Amino acid sequence: MLPRATTTPMIAKDSMLEWLKSQIVRRNVTVKDDIAAVVARAQARRPVDILVNNAGGGVIGATEEMSDAEVEGQIALNLMAPIHITRAFVPAMRLRGSGRIIQISSASGQGSLPTSSLYHAAKWGLEGFSECLRQELEPFNLFVTLIEPGGARTSFSHNLQFASEIAAYRDTPAGDIRKMFETAGNELYTLDPQKIAQAIVDVATSDHPPLRVTLGGDAFGVVQAALQSRLAFLQSQEALARSVAFDS
């Protein structure tokens, strides 16, 4: 959450990092009462012009391997939290007639991969929520943007969790992908977080930011392949789609 630049205290460059650290409030974004407290504190201090929903985490495993807690946790963290946080900030932004909402989605919000079904479910849900919200808020000069990065060298990759393995999946595509994540080094994560951050700043401070921004050659390839595949499949079914209307 970024405050209005015009009201940020003047701070010497060598003290800026320490000042920013002092502004951090750690809360569990899956707890609605914690969200409300942070939003109230932020808005009491100064108007919030830019909201970035960046919290997230992944559990790797076939769907059957995941526990109920892992299923619910993935949806709570990656989908419900940004929905609740966004809804908490929208009223003040709408009344001021300006604001930027940045949703950190993923190439996984367009494509899919075995072992990440709940992460995909959350990100696809976030994409649909944000696309609809963009249409609702644009008349008030509020813009929602989805950031769809590929593999970046952040703490996300180091904090991946793994569901309890079921042996039957070991020699299947899900098992192969699991092994890839278990043994992956930096070669899987090629994107520079600082460059991603700068791209987000550029989007958030533009006059008319786009709905989606895909970052990384890997992300571009995943999204391009997913969209081309879906379009080709849709076009192959055009006759069937039109055949189920009432006869004229």
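The model shown is predicted, which means the values in this text are computed figures rather than measured ones.

Cut-offs applied
Residues numbered from 1 in each chain as written. Predicted model: local features only at pLDDT ≥ 70, side-chain atom pairs only at ≥ 80, totals over all residues. Heavy atoms only, no water. Core = buried A, V, L, I, M, F, W, Y, C linked by side-chain atoms within 4.5 Å. Buried < 20%, exposed > 50% of the residue type's maximum accessible area, 1.4 Å probe, protein only. Helix = DSSP H or I, 4+ residues; strand = E, 2+ residues; numbered from the N terminus. Phe/Tyr/Trp six-rings, centres within 6.5 Å; stacked < 30°, edge-to-face > 60°. Pairing = 2+ DSSP bridges. Axes fitted to C-alpha atoms, helices over the stretch in contact; angles between N-to-C directions. Parallel < 35°, antiparallel > 145°, perpendicular 65-115°, else oblique. Left-handed = near helix turned anticlockwise from the far one by under 90°. Contact = heavy atoms within 4.5 Å. Nonpolar A, V, L, I, M, F, W, Y, C, P; charged D, E, K, R; others polar. Salt bridge = Lys/Arg side-chain N within 4 Å of Asp/Glu carboxyl O. Right-handed = clockwise from strand over helix to strand, strands pointing away.

Participant: I'd like a rundown of the nonpolar core, residues and numbers included.
Facilitator: Formed by 14 residues in total, the largest nonpolar core has its most connected members in Leu51, Phe89, Met93, Ile101 and Leu137. Broken down by secondary-structure element, the contributors of at least two residues to this core are α2 (32-45), β2 (48-53), α3 (68-96), α4 (117-137) and β5 (142-149). Top element by residues in this core is α3. It accounts for 4 residues. Ranked by size, the runner-up nonpolar core spans 12 residues in total, among them Ile50, Ile104, Ile147 and Ala152.

Participant: So what's going on with the packing of aromatic side chains? Which residues, and what values?
Facilitator: On inspection of all chains with the given rule, the structure shows 1 aromatic pair. Between Tyr119 and Phe156, the aromatic rings sit 5.8 Å apart at their centres with planes inclined by 55 degrees, giving tilted as the arrangement. Here Phe156 lies in helix α5 (residues 155-158) and Tyr119 lies in helix α4, a separation of 37 residues in the sequence. Judged by its relative accessible area of 12%, Tyr119 is buried.

Participant: So what's going on with the pairing of strand β7 (residues 212-215)? Which residues, and what values?
Facilitator: Burial along β7 is one-sided: the face carrying Val213 and Leu215 is buried and the face carrying Arg212 and Thr214 is not. Both β5 and β7 contribute to a ladder of 4 bridges, which runs parallel. Across the sheet, residue Leu146 finds its bridge partner in β7, namely Arg212.

Participant: Run through the packing of α2 against α3, naming residues and quoting values.
Facilitator: Put simply, α2 and α3 touch, their axes get as near as 10 Å, and they point 30 degrees apart. Taken as axis vectors, α2 and α3 run roughly parallel relative to one another. Like other packed secondary-structure pairs, α2 and α3 cross with a definite hand, here right-handed. Residues Lys32, Ile35, Val39 and Gln43 of α2 form the contact with α3, whose own contacting residues are Ala81, His84, Ile85, Ala88, Phe89 and Ala92. A class-by-class count of the residues in the contact of α2 with α3 yields 7 nonpolar, 2 polar and 1 charged.

Participant: Lay out the environment of Glu138 in plain terms, naming residues and giving numbers.
Facilitator: Mapping Glu138 onto the fold places it in the loop between α4 and β5. Along the primary structure Glu138 and Gly99 are separated by 39 residues, whereas in three dimensions their C-alpha atoms are 9.7 Å apart. Those residues in contact with Glu138, other than ones at most four positions away along the chain, are Phe143 and His208.

Participant: Describe the side chain of Glu127, with residues and values.
Facilitator: Mapped onto the elements of the fold, Glu127 is located in helix α4. Setting aside chain neighbours within four positions, we find Glu127 in contact with Ser105, Ser106, Gly109, Gln110, Leu146, Glu148 and Arg212.

Participant: Talk me through the pattern of salt bridges; I want residue IDs and the actual numbers.
Facilitator: Applying the stated criterion to the full structure yields 9 salt bridges. Among the ionic pairs, Arg96 bridges to Asp49, the shortest N-O distance being 3.3 Å. Here Arg96 is found in helix α3, whereas its partner Asp49 is found in strand β2, with 47 residues between them in sequence. For Arg178, the salt bridge goes to Glu182, with nearest N and O atoms at 3.1 Å. Of the two residues, Arg178 and Glu182 are both situated in helix α6 (residues 173-183); the distance of 4 residues between them amounts to about one turn of the helix. Overall, the relative accessible area of 7% leaves Arg178 in the buried class. Each of Glu127, Glu131, Glu148 and Arg212 takes part in a single network of salt bridges with overlapping partners.

Participant: Residues and numbers for the side chain of Lys123, please.
Facilitator: Looking at the secondary structure, you find Lys123 in helix α4. Beyond its immediate sequence surroundings of up to four residues, Lys123 is in contact with Ile104, Ser105, Ser106, Ser108 and Gly109.

Participant: Before we move on, could you go through the pairing of β5 and cite the residues and values that matter?
Facilitator: A large share of β5 lies buried, amounting to 8 of its 8 residues. Along β5, one buried face is formed by Leu142, Val144, Leu146 and Glu148 and the opposite face, lined by Phe143, Thr145, Ile147 and Pro149, is buried too. The sheet contact formed by strand β4 (residues 99-104) and β5 spans 6 bridges and is parallel. Residue pairing across strands places Ile102 opposite Thr145, the latter belonging to β5. Assessed by its sense of winding, the connection that carries the chain from β4 through α4 to β5 is right-handed.

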